[in-house]
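# Architecture and fold: a report
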Amino acid sequence: MSWGTELWDQFDNLEKHTQWGIDVLEKYIKFVKERTEIEISYAKQLRNLSKKYQPKKNSKEEEEYKYTSCKAFLATLNEMNDYAGQHEVISENMTCQITAELARYVQELKQERKSHFHEGRKAQQHIETCWKQLEASKRRFERDCKEADRAQQYFEKMDADINVTKADVEKARSQAQLRHQMAEESKGEYSSILQKFNHEQHEHYYTHIPNIFQKIQDMEERRIVRLGESMKTFSEIDRQVIPIIGKCLDGITKAAESIDQQNDSQLVIEAFKSGFEPPGDIDFEDFTQPMKRTVSESSLSNSRGDGKSEPKFGGKSKGKLWPFIKKNKLSLKLGAGPEDFSNLPPEQRRKKLQQKVDELNKDIQKEMDQRDALTKMKDVYIKNPQMGDPASVDHRLAELGQNMEKLRLEVQKFEGWLAEVEGRLPMRTEQTRRQSGLYETQNTSAVNNCAQDRESSPDGSYTEDQSQESEMKVPATDFDDEFDDEEPLPTIGTCKALYTFEGQNEGTISVTEGEMLYVIEEDKGDGWTRIRRNEDEEGYVPTSYVEVYLDKNAKDVSQITSENL
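What follows deals with the environment of P346. Relative to the assigned elements, P346 resides in helix α11 (residues 346-383). According to the relative accessible area criterion, P346 is buried, its value standing at 1%. Remark: the alpha-carbon pair of P346 and K273, spanning 73 residues in sequence, is separated by 8.6 Å.

Pasting the structure below:
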């Protein structure tokens, strides 16, 4: 199967066909180029999508990624970023291995095609020239033959005419002979040119054209093979990244399988656990008892309180839940927090203190690393004075020493607070909470400051009003006036201060170690006991700071004073 033998007369069609083949190759190049642009655009969109949902640094979102579900989502984002990278690899490989290579090949193919068809046209022009020479020789031979015939006929006519002179006859004879001689010469020339043309024509159609067409055929077949190889490369480039894409998808699957709902639930507990115990049962308050008392059994202060006890108790039932709401609200709004995190519940305070200790230890380690590096530098300077002055680093070493000493003191301070918290987390029973009042496992520091910046009520409730915290003012209510104007409560027992307590917050009272005071409201489960020093001075103290002696008969102030003091 050869174009030279089968298509010897289809030069123009072959020229059109080969041009069509180059157009197909250029069309495929354009197709691959657009595919690479799509891959690049897709990879860019995937990367932007992954970046969009990445947690922002130093934000609340970053803290959420401690949960396994959020970690799995973050791993998915990272895998999608790698997945996008593989599409960039596809685009790059297709550009280098297909688009660029085929573009160069098309230029070479165009040059080769141009050369082959130029050679074919040259062969065609040569055979056409030979044909024209043959035609000219043939016409000349034909003309000479006709001239020789006419000259012969004229001679014969002159020879037969008796009236013509002998000289005229000889002239006609010589003319006829000349014409015959010219015809013979034209015949020989025509014969020679014909033989030459036949040889050239044979060479043209059986040698030159087949060779040229064979070259064109080879060129076209190479183009087809090259196009097929490019298509194969096209698929191989995709196939090469499939294992890596598979690993990305496996990573997403592994991240999904790593989600642990139990662990996330535990993290929620650690994040929001306050460390407080639920409030205990509320004792029954018998409001009919003051009515049964006689005047002789009541003290002056109690008799004064009895006259207003019933209506005031009604108001107190709602008012006593928030004895120091005003200052707590204001302090929360101002955003001020104590250094020892005593405004937090015990468990949260312990976590914050531990975090602070870890941060300080890291800072100390950094300072130590700098000190060690400067010390080595100083030793080098001592051994090689030409490299530097050893005294130049002394000032910096002194600064590092001071910094480390400050950090160590900070660590000791926070470790002390942490030890208090870890040693006094609440582990109380209702019996010890109601009778002894001495909570050995209660975090003294945490309970002491719980009233400072949190809304902790004597009945054990604990709230944070987000909507009110965003405001800078606390509107006055009837509740505040009712609480401020309320008559003193009757005493229900006495207590002895086990430790000194500085009541610096509104609603608290300061006590000194060993001081005896009156109890007017026992601990309701929140770790606070309400006491009175005199008629004008009363407030809350941590229950763990006092030892309570309750009077079961709820005697008045004068009886308690005479019997227990």
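Here the focus is the pattern of salt bridges. All chains considered together, the criterion is met by 24 salt bridges. The salt bridge partner of E15 is R121, with a shortest N-O separation of 2.0 Å. Taken together, the residues E15 in helix α2 (residues 11-52) and R121 in helix α4 (residues 68-160) connect sequence positions 106 residues apart. With a relative accessible area of 34%, R121 lands in the partly exposed category. Its salt-bridge partner being E410, residue K413 comes within 3.3 Å of it at the nearest N-O pair.

For strand β5 (residues 528-534), the buried fraction is high: 5 of the 7 residues fall into the buried class. As defined by bridge partners, strand β4 (residues 516-521) adjoins β5 across 3 bridges and the pair is classed as antiparallel. Following the sheet pairing, E521 is matched in β5 by R530. Taking the residues between adjacent antiparallel strands as the criterion, β4 and β5 are bridged by 6 residues, where G525 takes a positive phi near 110 degrees. When β5 meets strand β6 (residues 537-542), the two strands line up antiparallel, connected through 6 bridges. Residue pairing for β6: N534 is matched across the bridge by E537. Linking β5 back to β6 in an antiparallel pair, the connection comprises 2 residues.

Another point: the side chain of Q217. Its location among the elements puts Q217 in helix α5 (residues 166-257). Q217 sits in the buried class, given a relative accessible area of 3%. Among the polar contacts listed, one links the side chain of Q217 to the backbone nitrogen of W3, at a separation of 3.0 Å. Contacts of Q217, omitting those with residues within four sequence positions, involve M1, S2 and W3.

In this section: the packing of α4 against α5. Across the interface, α4 lies against α5 with an axial gap of 7 Å and an inter-helix angle of 175 degrees. The orientation of α4 relative to α5 falls into the category roughly antiparallel. Partitioning the contact of α4 with α5 into residue classes produces 46 nonpolar, 20 polar and 23 charged.

Below, the discussion takes up the environment of E15. For E15 and I216, which are 201 residues apart along the polypeptide, the C-alpha to C-alpha distance reads 9.1 Å. Residues within four places of E15 in sequence aside, it is in contact with R113, F117 and R121.

Attention now moves to the nonpolar core. In terms of nonpolar packing, the biggest core is built from 31 residues, with L25, Y28, M94, I98, F213 and I216 touching the most fellow members. Looking at this core, the elements that each hand over two or more residues are α2, α4 and α5. Here the element with the most residues in this core is α4; it accounts for 11 residues. For M94, the residues in contact, after removing those within four places along its chain, are V32, R35, T36, T99, F234, I237 and D238. Listed in part, the 14 residues of the second largest apolar core include F501, I509, V519 and Y545.

What counts, and where the lines are drawn
Residues numbered from 1 in each chain as written. Predicted model: local features only at pLDDT ≥ 70, side-chain atom pairs only at ≥ 80, totals over all residues. Heavy atoms only, no water. Helix = DSSP H or I, 4+ residues; strand = E, 2+ residues; numbered from the N terminus. Buried < 20%, exposed > 50% of the residue type's maximum accessible area, 1.4 Å probe, protein only. Salt bridge = Lys/Arg side-chain N within 4 Å of Asp/Glu carboxyl O. Pairing = 2+ DSSP bridges. Polar contact = N/O pair within 3.5 Å; in protein donor to acceptor, adjacent residues only side chain to side chain. Contact = heavy atoms within 4.5 Å. Axes fitted to C-alpha atoms, helices over the stretch in contact; angles between N-to-C directions. Parallel < 35°, antiparallel > 145°, perpendicular 65-115°, else oblique. Nonpolar A, V, L, I, M, F, W, Y, C, P; charged D, E, K, R; others polar. Core = buried A, V, L, I, M, F, W, Y, C linked by side-chain atoms within 4.5 Å.

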